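Spelled out, the chains give:
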Amino acid sequence: MNQVQNFYAQPRAGHLLAGSLRVPGDKSISHRSVMLGALATGVTEVSGFLEGADAISTMNVFRALGVRIEGPHAGRVTVEGVGLHGLKATNQALDCGNAGTAMRLLMGLLAGQAFDCLLVGDESLTKRPMKRVSMPLALMGAKIETTAGGTPPVRLIGGQSLNGIDYTLPMASAQVKSAVLLAGLYASGKTSVTEPAPTRDHTERMLGGFGVKVQRDGATASIEGGQHLRATAVDVPADISSSAFFLVAAAIASGSTLTLEHVGINPTRTGVIDILRLMGASITLTNPRDAAGEPVADLVVNAGELRGIEIPEALVPLAIDEFPVLFVAAACARGKTVLTGAEELRVKESDRIAVMADGLRKLGIDAEPTPDGMVIQGRGEHREVFSGGVVDSHGDHRIAMAFAVASLRAAAPITITDTLNVGTSFPGFVELANRAGMQVTALAV
Ligand code: S3P
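Nothing here was measured: the structure is a model prediction, and the numbers come from that model.

Trainee: So what exactly am I meant to see when it comes to the overall build of the protein here?
Mentor: Within the protein one finds 13 helices and 26 strands. Against the 2.2 N^0.38 benchmark of 22 Å for 445 residues, the protein shows a C-alpha radius of gyration of 21 Å, consistent with a compact globule. The C-alpha extent of the protein, read off along each of the three principal axes, is 60 × 45 × 45 Å. Expressed as a percentage of the 445 residues in the protein, the buried residues total 59%. Once local pairs closer than 6 in sequence are excluded, the contacts in the protein between residues at least 24 apart make up 75%. Of the accessible surface of the protein, which amounts to about 15,600 Å², a share of 51% is contributed by carbon and sulfur atoms. Side-chain charges of the protein comprise 38 positive and 43 negative groups, with the mean position of each set lying 1 Å from the other.

Structure (structure tokens):
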């Protein structure tokens, strides 16, 4: 696996995106469908599953833990649940690949097992903070070892009895919230988590779908230990985070009208729509419906002039994965865009503030990184906003795709290096982008 891939993204005369497309399944919901399906009694049928490397890592971890899983075949996955106490010990290291969600949620889910586990990840994941999860789990009675710096590998010592806690999250993190709630299934008494700002609530919703009672009281979610999960069907909507690349692409490419089908519009995920609308984008939600407890709609986006804004901090956790492409939108707006309160971006698959600021500057944009955000001087009055050039994605899938979108308003081609990880969240991105009207080539180097 020493393969390297670059994207070569060419500006297109006409710059127009049109048609209707469905992006792959939601990554957060795909991870959770396998996790909860594995812990349930009965067979869970998943459709719309993300066939990307991250979700596959989660499937393989549960296979190593003795769970029979069929698929994915065209988005269909069948999980033969083993019940809350049916996972089997393994000597194998459990490889989470690039997936922070897999590792952090697994820490919670595995903290109360009778056996030891070792969680490992790739180069990027191995640099990411895990103390934010091991600390509250330790308060519950878990025994967890990380490196001295709090990074993976993570060793969980089995056979601990967990007790419920009442925990206030120091940062807005759905991953930490979910890890504590999942550990709470194995704890005696009640486990409560209070969040400083709303974060994605897929764990709470899906636990409900599997017959587990999760109480919500303002900013606090609580779960009683020992509740059993019953298998159910999970219909995974298209990922709004993957849709975001096309929302911005169509918004900045003059004359475009694009429809994105069956997109998950859970209100804890729609910050990208709110921010783009504040910038003046035209996005319409049509045909709203429910998909196994998650709201879904088709999104229609039309190109238009964008203006720079001060991004409301309350929207930051609700758009946390979309900032790479939102920075591209900001560069294509008239006036200045200011992001604050987003220090979490520094501990994603890459330091997304530093890496995006570097790339934008290379493409001729005045982008000033700050400790918790960025200030971008938009060049929306120009048809060609970006110069061409070479930018490094640092192996971060969302940065690679964001710079591919920038090519729609570039004066010359943009080469984006180290793009193989696009497959972690968005297999088929290049094909879909080209079908919509972009001109991106993946080159093995
Ligand atoms: C996720 C939560 C977010 C997000 C990540 C997926 C999840 O992370 O960035 O891509 O599935 O719970 P944090 O909760 O750490 O912000």
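Trainee: Which parts of the structure should I look at to understand the sheet that holds strand E2 (residues 18-21)?
Mentor: Strands in a sheet are paired, the pairing made by backbone hydrogen bonds, and the direction either parallel or antiparallel. With mixed pairing, the four strands of this open sheet are ordered in space as E2-E18-E20-E19. Strands with a single pairing partner mark the edges of an open sheet, and in this sheet they are E2 and strand E19 (282-291). In this sheet, neighbouring strand axes are inclined to one another by 15 degrees on average, regardless of whether the strands run parallel or antiparallel. For strand E18 (residues 257-264) and strand E20 (residues 294-302), the ladder comprises six bridges, and the chain directions are antiparallel.

Trainee: What exactly am I supposed to notice about the domain arrangement of the protein here?
Mentor: By a frequent convention, interface size equals the accessible area lost on bringing the separate parts together. With domains assigned, the protein is organised as domain 1 (5-25 + 237-444) and domain 2 (27-235). Taken together, the contacts link 29 residues of domain 1 with 27 residues of domain 2. Between domain 1 and domain 2, the buried area comes to about 2,200 Å², and carbon and sulfur atoms account for 46% of it. On the domain 1 side of the contact with domain 2, Arg 269, Glu 349 and Thr 424 bury the most area, a combined 22% of that side's loss. A salt bridge links Arg 128 to Glu 349; the nearest nitrogen and oxygen atoms lie 3.9 Å apart. Counting across the domain 1 and domain 2 interface gives 13 residue pairs in polar contact (both at pLDDT 80 or more). Among the secondary structure elements, those contributing two or more residues to the side of domain 1 that touches domain 2 are E20, helix H11 (397-406) and helix H12 (422-425).

Trainee: Where do I start with the pairing of strand E23 (residues 373-379) in this structure?
Mentor: A regular strand places its side chains on the two faces of the sheet in alternate fashion. Here strand E21 (residues 334-339) pairs with E23 via six bridges, running antiparallel. Pairing of Leu 339 across the sheet is with Met 374, part of E23. Linking strand E22 (residues 366-370) to E23, which pair antiparallel, is a turn of two residues.

Trainee: Which parts of the structure should I look at to understand the site of the ligand?
Mentor: All residues in the neighbourhood of the ligand are listed as Ser 28, Arg 32, Thr 101, Ser 173, Ala 174, Gln 175, Arg 200, Ile 320, Asp 321 and Lys 348. About the coverage of the ligand: the protein hides 95% of its 380 Å² of free accessible area. Residue composition of the shell around the ligand, by class: two nonpolar, four polar and four charged. Two domains each put at least three residues into the shell around the ligand: domain 1 (5-25 + 237-444) and domain 2 (27-235).

Quick notes on the rules
- Residues numbered from 1 in each chain as written.
- Predicted model: local features only at pLDDT ≥ 70, side-chain atom pairs only at ≥ 80, totals over all residues.
- Heavy atoms only, no water.
- Helix = DSSP H or I, 4+ residues; strand = E, 2+ residues; numbered from the N terminus.
- Rg over C-alpha atoms; globule rule 2.2 N^0.38 Å.
- Buried < 20%, exposed > 50% of the residue type's maximum accessible area, 1.4 Å probe, protein only.
- Contact = heavy atoms within 4.5 Å.
- Areas by Shrake-Rupley, 256 points an atom, 1.4 Å probe, with all protein chains shown as cover.
- Lys, Arg positive; Asp, Glu negative; His and termini not counted.
- Charge placed at Lys NZ, Arg CZ, Asp CG, Glu CD.
- Pairing = 2+ DSSP bridges.
- Axes fitted to C-alpha atoms, helices over the stretch in contact; angles between N-to-C directions.
- Domains from an automatic or database assignment.
- Buried area = accessible area lost by both parts, 1.4 Å probe.
- Salt bridge = Lys/Arg side-chain N within 4 Å of Asp/Glu carboxyl O.
- Polar contact = N/O pair within 3.5 Å; in protein donor to acceptor, adjacent residues only side chain to side chain.
- Near = heavy atom within 4 Å.
- Nonpolar A, V, L, I, M, F, W, Y, C, P; charged D, E, K, R; others polar.

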